[in-house]
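Results of the structural survey
Now for the letters of each chain:
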Amino acid sequence: MDLDFERPIVELEAKLADMKHIAEENDVDVTDAVKTLEDKIKKLKKDTYQNLTRWQRVQLSRHADRPYTLDYIPAICDKFIELFGDRNVKDDKAMVGGFGEIEGQTFMFIGQQKGRNTKQRQYRNFGMANPEGYRKALRLMKMAEKFNKPIITFIDTPGAYPGLEAEERGQGEAIARNLKEMFMLKVPVICIIIGEGASGGALGIGIGDKVLMLENTWYSVISPESCSSILWRSWDYKEQAAEALKLTAADMLKAGLVDGIIKEPLGGAHVDPVAMANKLKKTILEEVAGLFLISSEQRILNRIEKFSNMGVVTELAFDGTSRL
Amino acid sequence: MTWFTRKEKGIVTPTELKKETPDGLWSQCPECKKVMHSREHKKNEYTCSSCNYHDKIGSKEYFEIIFDNNEFEELDARMSSSDPLVFIDTKKYPERIVATQKKTGLTDAVRSGIGYMNNIQIVVACMDFNFIGGSMGSVVGEKIARAIDKAREKKAPFLMISKTGGARMMEAGYSLMQMAKTSAKLAMLSEDGIPYISLLTDPTTGGVTASYAMLGDFNISEPGALIGFAGPRVIRETIGKDLPEGFQSAEFVLEHGFLDFIVDRKELKERLSDLLTMLNN
């Protein structure tokens, strides 16, 4: 699966394969030509992926081959025991979690899960959790706190599910409660946006001592498509909306709304999932070790203070003009 | 033979000297169309004397209802939006802000104050829907955060009156994080054991419902208010079906267990005072 802006690369790669194939069949030496073409591809890749527009990053964050939560967890952990249910209504398949062990240390992993084919996508509700998903996540976080295990959340959702039953069961209340409770968790919390970070549905598992974004992900108050439909009253302005929202990892870091960016392999996490998982594992171990050096009381205070400082305001002068 | 003869021809009164019925002397109920005298409407706390429809009102009116003699000290009255993202859609964001400030006389979509309600000291923050749909950006988040700080400092109960379409898109990521900020402050208020009453008025939706509006020790509402996370249009489009009658009304939300009670606006002040007095006794 290639995205529209990747097509020139794919075409060159096909050309290279053809060339190699023909050379092999006819036993001709094309080393120089292959080398030239390979260099050209390398350069094109670099130019493409280092100069992605915001909308292109959104496309990469939704790439059909992109690793999901349940791809990363087994790749990172030596052992993983998945835990189900919110002890209230049901088990939400769009929100997964459980204890995982890395190098003898136990963590609580929680994350949204998308599906890869039509059937799975429906089963996972496209990664859109219902209230029971957020309540399941909170149950697991409280359990992690009880057993003093650090919490890692993987955020990848187009939003909390906007359905009839979700409203009946209090989608707003479920997310709100998570925000409040997550601030008071006594264990370290690391939140990593691995794909899409859409609004309250993402934030519902997004209050952490460290909030990190993979390089080709987005995190904002609304998706570019919905923003376009509301502000421009048309679905056609998603590129402009993505630019206006400044929703990429680099934008969010610059605004001080996240704590760091985790680099992806050239072309995206799906190009080399193993390398990506290793990098995640290394980051998690380092960050958690650092957070354990701080007392839990101090961690909570720092967490509260960090989010309390987010936002930019100004004062009006008394003639009504801005003091900006 | 006519009784009177016209001295001058035609009507010569200039327009500006014409006597007209003062604007807003009469008010019509949007629900049952009954026409009421504005003074009577105000006396009824802006509810319809015929069908009890609760008209949409703003911070000015709510402060008049809540605070004794309408006396209160306004907090952060001059705080205004910045434009950290240099946001442009069909209009530049700062232009939209200035135009809305001129039109409404408000600085942003929330006002906060400290005063007395039946002699109980209380901090109140109230949203104004006519300021960009009561949307929550940095100013709304920061003013609510500081109001909560004030409540903690004075050990006074906090009343939040929500009326909003949700987060403000023009501040994107910053708006989103106001949900986190206000929730953090409410967590601390809760640790202090100070009462928090959240009054959800018509309408309360989006990111506000998914943060401070649903975090009250007491979540209360007014009759018929629309309360939800996703708006009705979005849900209709998602499920591809019409929504049942009364879906997302305050009564519906109460039945599903997310409100403590629904209160008639005419009884709001007394009910809140009773509640807070009971907590004190």
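All of these numbers come straight from a predicted model, not from anything done at the bench. (Residues numbered from 1 in each chain as written. Chains lettered and ligands numbered in written order. Predicted model: local features only at pLDDT ≥ 70, side-chain atom pairs only at ≥ 80, totals over all residues. Heavy atoms only, no water.)

1. Some remarks on the domain arrangement of chain B
All names here are of chain B. Under the domain assignment used here, chain B contains domain 1 (22-55) and domain 2 (57-280). Across the boundary between the two partners, domain 1 contributes eight residues, which contact 10 residues of domain 2. Note on domain 1 versus domain 2: buried area summed over both sides is about 830 Å², and carbon and sulfur give 50% of it. Per-residue buried area on domain 1 facing domain 2 is highest for Glu45, Tyr46 and His54; these three make up 63% of the total on that side. Between domain 1 and domain 2 we count one salt bridge in total. A salt bridge links glutamate 64 to lysine 42; the shortest N-O distance between them is 3.7 Å. Counting the contacts that link domain 1 with domain 2 gives eight residue pairs in polar contact (both at pLDDT 80 or more). Along the lines of polarity and charge, the residues of the side of domain 1 that touches domain 2 split into one nonpolar, four polar and three charged. (Domains from an automatic or database assignment. Contact = heavy atoms within 4.5 Å. Buried area = accessible area lost by both parts, 1.4 Å probe. Salt bridge = Lys/Arg side-chain N within 4 Å of Asp/Glu carboxyl O. Polar contact = N/O pair within 3.5 Å; in protein donor to acceptor, adjacent residues only side chain to side chain. Nonpolar A, V, L, I, M, F, W, Y, C, P; charged D, E, K, R; others polar.)

2. Quick notes on the domain arrangement of chain A
Residue and element names in this part refer to chain A. The assigned domain composition of chain A is domain 1 (4-51) and domain 2 (58-308). Contact with domain 1, which involves six residues of that partner, is made by five residues of domain 2. Summing both partners gives a buried area of about 490 Å² for domain 1 against domain 2, and 65% of it is carried by carbon and sulfur. Ranking the residues of domain 1 by area buried against domain 2 places Phe5, Glu6 and Tyr49 at the top, with a combined share of 68%. Linking domain 1 with domain 2 are zero salt bridges, by the criterion used here. At the junction of domain 1 with domain 2, the criterion picks out one residue pair in polar contact (both at pLDDT 80 or more). Here the side of domain 1 that touches domain 2 is built from residues that sort into two nonpolar, no polar and four charged.

3. So, the sheet that holds strand β10 (residues 261-262) of chain B
Two modes of strand pairing occur in sheets, parallel and antiparallel, and in both the strands are linked by backbone hydrogen bonds. All names here are of chain B. Spatially, the seven strands line up as an open sheet ordered β3-β5-β6-β7-β8-β9-β10, and their pairing is mixed. Of all the strands in the sheet, just β3 (72-75) and β10 have a single pairing partner and so form its edges. Sheet topology note: the strand β9 (residues 218-221)/β10 ladder contains two bridges and is parallel. Paired with serine 221 across the two strands is isoleucine 262, which belongs to β10. (Pairing = 2+ DSSP bridges. Helix = DSSP H or I, 4+ residues; strand = E, 2+ residues; numbered from the N terminus.)

4. Thoughts on the interface of chain A and chain B
Contact with chain A, which involves 52 residues of that partner, is made by 57 residues of chain B. Of the roughly 4700 Å² buried between chain A and chain B, counting both surfaces, carbon and sulfur atoms make up 74%. The tally of links between chain A and chain B comes to 11 residue pairs in polar contact (both at pLDDT 80 or more). Elements represented by at least two residues in the side of chain A that touches chain B include exactly α7 (164-168), α8 (171-183), α9 (199-203), β7 (218-220), α10 (224-231), α11 (238-245), α14 (296-308) and β9 (313-315) of chain A. Top contributing element to the side of chain A that touches chain B by residue count: α8 of chain A, with nine residues. Split into classes, the residues belonging to the side of chain A that touches chain B amount to 32 nonpolar, 11 polar and nine charged. Relative to strand β4 (residues 79-81) of chain B, β9 of chain A runs antiparallel, the two sharing three bridges. Note on β4 of chain B: the bridge partner recorded for glutamate 315 of chain A is methionine 79 of chain B.

5. A short note on the nonpolar core
Side chains of a nonpolar character, in soluble globular proteins, are inclined to be buried together. Membership of the largest hydrophobic core comes to 109 residues, with the highest contact counts inside it found for Tyr219 of chain A together with Phe158 and Tyr212 of chain B. With sequence-adjacent residues up to four places away left out, tyrosine 212 of chain B is seen in contact with Met127, Met136, Val140, Ile144, Met160, Ser162, Thr182, Leu186, Tyr196 and Ser198 of chain B. Core analysis: the second largest hydrophobic core is formed by 24 residues, Ile161, Val263, Leu268 and Leu272 of chain B among them. (Core = buried A, V, L, I, M, F, W, Y, C linked by side-chain atoms within 4.5 Å. Buried < 20%, exposed > 50% of the residue type's maximum accessible area, 1.4 Å probe, protein only.)

6. Points about unusual backbone geometry
The linkage connecting aspartate 202 of chain B with the following residue, proline 203 of chain B, adopts the cis geometry, with an omega of -10°. Among the structural elements, proline 203 of chain B can be located in strand β8 (residues 196-204). Phi at arginine 87 of chain A takes a positive value of approximately 60°, unusual for a residue other than glycine. Mapped onto the fold, arginine 87 of chain A is located in the loop between β1 (79-82) and β2 (95-102). The backbone of tyrosine 46 of chain B sits at a positive phi, close to 65°, despite the residue not being glycine. Relative to the elements of secondary structure, tyrosine 46 of chain B occurs in the loop between α1 (38-43) and α2 (59-66). Look at tyrosine 46 of chain B and you get buried, because its relative accessible area is 15%.

7. Side note on the packing of helix α4 (residues 138-154) of chain B against helix α5 (residues 172-191) of chain B
All names here are of chain B. At a closest axis distance of 8 Å, the pairing of α4 and α5 adopts a crossing angle of 10°. As summarised for this structure, α4 and α5 are arranged roughly parallel, according to the angle between their axes. Contacts between α4 and α5 involve Ser138, Gly141, Glu142, Ile144, Ala145, Ile148, Asp149, Ala151 and Arg152 on the former and, on the latter, Tyr174, Gln178, Lys181, Thr182, Lys185, Leu186, Met188 and Leu189. Tallied by class, the residues present in the contact of α4 with α5 amount to eight nonpolar, four polar and five charged. (Axes fitted to C-alpha atoms, helices over the stretch in contact; angles between N-to-C directions. Parallel < 35°, antiparallel > 145°, perpendicular 65-115°, else oblique.)

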